[in-house]
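Architecture at a glance
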Amino acid sequence: MNVHVHENFYITSDAYNIMLEEVTGKTTVINRGKENEKEIPVTKNHGNFATVEHALKKFVRLKINDSPAKDIRELIEEVQRLNDLIREKVDF
């Protein structure tokens, strides 16, 4: 699984976990100097989760912590905006 959530956030998975990852905008080179040298984006793992819902809750917490809100009203509006964003992604 590699699902785009918002901006540079993705939910990915392996055989055991669901991860919330953020693409940092930087790249790194693997197999440097070899025939199969490849440049890949650098990601930051924000955690491993048992469910997609838990990964989405972490996404909301990260965005709230980074919010420019100056008062409670602005913070509540930001939380509502994030919840609406997630709802739009899952309602079909």
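Everything that follows concerns the structure shown earlier in this document.
First, a word on scope: everything that follows refers to the structure included in this document. Predicted model only: the values in this text are computed from it and were never measured.

Right, let's talk about the pairing of strand β3 (residues 18–30) for a bit. As defined by bridge partners, strand β2 (residues 9–13) adjoins β3 across five bridges and the pair is classed as antiparallel. By the bridge assignment, F9 is partnered in β3 with E22. Counted between consecutive antiparallel strands, the loop separating β2 from β3 contains four residues. Summarising the sheet, β3 and strand β4 (residues 38–49) pair through nine bridges and their orientation is antiparallel. Following the sheet pairing, I30 is matched in β4 by K38.

This part is about the pattern of salt bridges. With the rule as written, the count across this model stands at three salt bridges. The residue E7 makes a salt bridge to K63 at a minimum N-O spacing of 2.8 Å. Note that E7 is positioned in the loop between β1 (2–6) and β2 and K63 in helix α1 (residues 52–65), a separation of 56 residues in sequence. Residue K63 is classed as buried on the basis of its relative accessible area, which comes to 13%. With its nearest N and O atoms 2.8 Å apart, the salt bridge here joins R87 to D84. Linking R87 with D84, this pair stays in helix α2 (residues 72–90), spanning three residues, or about one helical turn.

The rules we used
- Residue positions are given per chain, counted from 1 along the sequence in the order it is written.
- With the structure being a predicted model, the display of local features is reserved for residues of pLDDT at least 70 and the display and counting of side-chain atom pairs for 80 or more, all residues being used for whole-chain, interface and lining totals.
- Values reported for side chains reflect all heavy atoms of the structure, with hydrogen atoms and water molecules removed beforehand.
- Strands are labelled as partners when DSSP assigns at least two bridges between them.
- Counting from the N terminus, the helices are DSSP H or I runs at least four residues long and the strands are E runs at least two residues long.
- For salt bridges, the criterion is a side-chain nitrogen of Lys or Arg within 4 Å of an Asp or Glu carboxyl oxygen.
- Summary of the burial criterion: residues with accessible area below 20% of their type's maximum are buried, those above 50% are exposed, and those between are partly exposed, where the area comes from a 1.4 Å probe applied to protein chains only.

By themselves, these figures tell us nothing about what the structure is for.
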